Amino acid sequence: MTRTLRRLAATVLLLFPLAALAQVDAEVVGGTASALPIAVVPFAGSTGENEIGGIVAADLARSGAFRVLPDRDLVERPTRSSEVNYATWRLLKQEFLLAGRVMPEGGNLRVEYELFDVSKQQRILGEAKIAPGTAARDLAHQVADSVYEKILGTRGAFWTRIAYVTASGTGNNRHFQLMVADSDGHNAQAVVSSPQPILSPSWSPDGKRLAYVSFDRGNSSIYIQNLTSSGRELVASFRGINGAPSFSPDGTKLAMTLSKSGNPEVYVMTLGSKQLNQITNHFGIDTEPTWSADGGTLYFTSDRGGKPQIYQASAAGGGATRLTFAGSYNARATVSADGKKIATAQGNGNTYRIALMDRTMGNRWTPLSPGNLDESPSFAPNASMLLYAAKEGGRSVLYTVSADGRARAKLPVEGASVQEPAWGPYRQKR
């Protein structure tokens, strides 16, 4: 039985595979020659695991849009425009070059960086950023975002956060944590800890809250955790299933699955008044709602056709129409901000992989992951990458994959088992 179907049963707790705690290094495991070649020189004055240039290079490589020149091939290491020899980088067949330097400024770090177009032999970007001395990784992700946007014309999503659930221990000593980390898996922090399972984290659009499912009260309940004050609010604890919360794009409503009427249906709660609006009414199981970017449509998983597939309905209620037909199983939809792409956990036989449908290309499906049990896809806010969970080596781990399938990267996450990932929204620019 798949995890989605287990989640639908009112009496079933999510079972995590158990393994020893391990540290997984960030590693790009795919990529193609069609990516843009770029050389990222280690930033002068920046060393160790927080070396700015190395973090930027890892971000760009993980996106699949760039092919980063290996450090061993950096025959020259300029730190500013006056030191750039364009002939060298043309010989190395690089289209872009990034160089910079890091300087302490009081208790802060000042990063100055420059991006060069090798063929045009000119600087195309030069900026300085300042942040607290403990925020070197934040600075690096912001630099990567700026480089990504300057070259590709699309806002980068490296300076964002992800949420996921970990489980460790055995028997009565099992322990669950809701974690928040940087988009590359570093700087992970627990925001909720419990001896009972935690499910379905969902970000608010301002990135300040996480809705999730807890079994602390015995039955499933939906809470909203405030990430700035550490306070939490009980939102739904009706008889039966309370599950799969999803914030509306304006943050004022929460879609969810409730079985208080006897059958799992999709509801929308107005958070201010706690008023409920029932969206679906069918003898099948309807769950895992997610919103369109304009808030007008809800996509959800339903087995009303015999097996789980994705359906869509107006967020105000009304009839539903089936959206997915490829594969015998589609669940846990995630929708790009422009509404043009939808990714699901797609099943054929006993194999479940992440697949993406581009609605602008005749609803063509593209497989994005190679595993046998891949699940819970979640788009980055710019839709350039997806986060997902994969069963690997007896435990569950996290991967990112570019939306075109060019590159996959395993994230460094500590935990016996890692599940239920959700990519957060853009953060406020500094």
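Residues numbered from 1 in each chain as written. Predicted model: local features only at pLDDT ≥ 70, side-chain atom pairs only at ≥ 80, totals over all residues. Heavy atoms only, no water.

Draft legend 1. View of unusual backbone geometry. Located in the positive-phi region is Ser200, a residue other than glycine, with phi close to 55°. On the secondary structure map, Ser200 appears in strand 10 (residues 198–203). With a phi angle near 70°, Ser230 is a residue other than glycine that sits in the positive phi range. Tracing the chain through its elements places Ser230 in the loop between strand 12 (221–226) and strand 13 (232–236). Ser230 sits in the exposed class, given a relative accessible area of 59%. (Helix = DSSP H or I, 4+ residues; strand = E, 2+ residues; numbered from the N terminus. Buried < 20%, exposed > 50% of the residue type's maximum accessible area, 1.4 Å probe, protein only.)

Draft legend 2. Expanded view of the pattern of salt bridges. Going through the model one piece at a time under the given rule, you end up with 14 salt bridges. The shortest N-O distance in the salt bridge between Arg123 and Glu114 comes to 3.0 Å. By relative accessible area, Glu114 is classed as buried at 5%. As a salt-bridge pair, Glu420 and Arg332 come within 3.4 Å of each other at their nearest N and O atoms. Pair noted here: Glu420 is in strand 30 (residues 417–423) and Arg332 is in strand 22 (residues 329–335), with a separation of 88 residues, a long-range link. According to the relative accessible area criterion, Arg332 is buried, its value standing at 15%. When salt bridges that share partners are traced, they join Arg101, Arg110, Glu112, Glu114 and Arg123 into one network. (Salt bridge = Lys/Arg side-chain N within 4 Å of Asp/Glu carboxyl O.)

Draft legend 3. Summary view of the pairing of strand 24 (residues 351–358). Across the eight residues of strand 24, six count as buried, placing the element largely inside the fold. Relative to strand 24, strand 23 (residues 341–348) runs antiparallel, the two being bridged by eight bridges. Considered in strand 24, the bridge of Gly347 is made with Tyr352. The antiparallel pairing of strand 23 with strand 24 creates a hairpin that spans two residues between the two strands, and Gly349 there sits at a positive phi of about 65°. Sheet analysis places strand 24 next to strand 25 (residues 364–367), joined by four bridges and oriented antiparallel. Counterpart to Asp358 in the pairing with strand 25 is Arg364. (Pairing = 2+ DSSP bridges.)

Draft legend 4. Quick look at the domain arrangement of the protein chain. The domains assigned to the protein chain are domain 1 (30–152) and domain 2 (160–426). Listed per partner, the contact involves 15 residues of domain 1 and 15 residues of domain 2. Interface area for domain 1 against domain 2, summed over the two sides, is near 1,100 Å², with a carbon-plus-sulfur share of 47%. Counting the contacts that link domain 1 with domain 2 gives one salt bridge. Here Asp184 and Arg137 are joined by a salt bridge, their closest N and O atoms 2.8 Å apart. Across the domain 1-domain 2 interface, the total number found is three residue pairs in polar contact (both at pLDDT 80 or more). Listed by contribution, the elements that provide at least two residues to the side of domain 1 that touches domain 2 are helix 2 (52–63) and helix 4 (136–152). Within the side of domain 1 that touches domain 2, the residues separate by chemical class into four nonpolar, seven polar and four charged. (Domains from an automatic or database assignment. Contact = heavy atoms within 4.5 Å. Buried area = accessible area lost by both parts, 1.4 Å probe. Polar contact = N/O pair within 3.5 Å; in protein donor to acceptor, adjacent residues only side chain to side chain. Nonpolar A, V, L, I, M, F, W, Y, C, P; charged D, E, K, R; others polar.)

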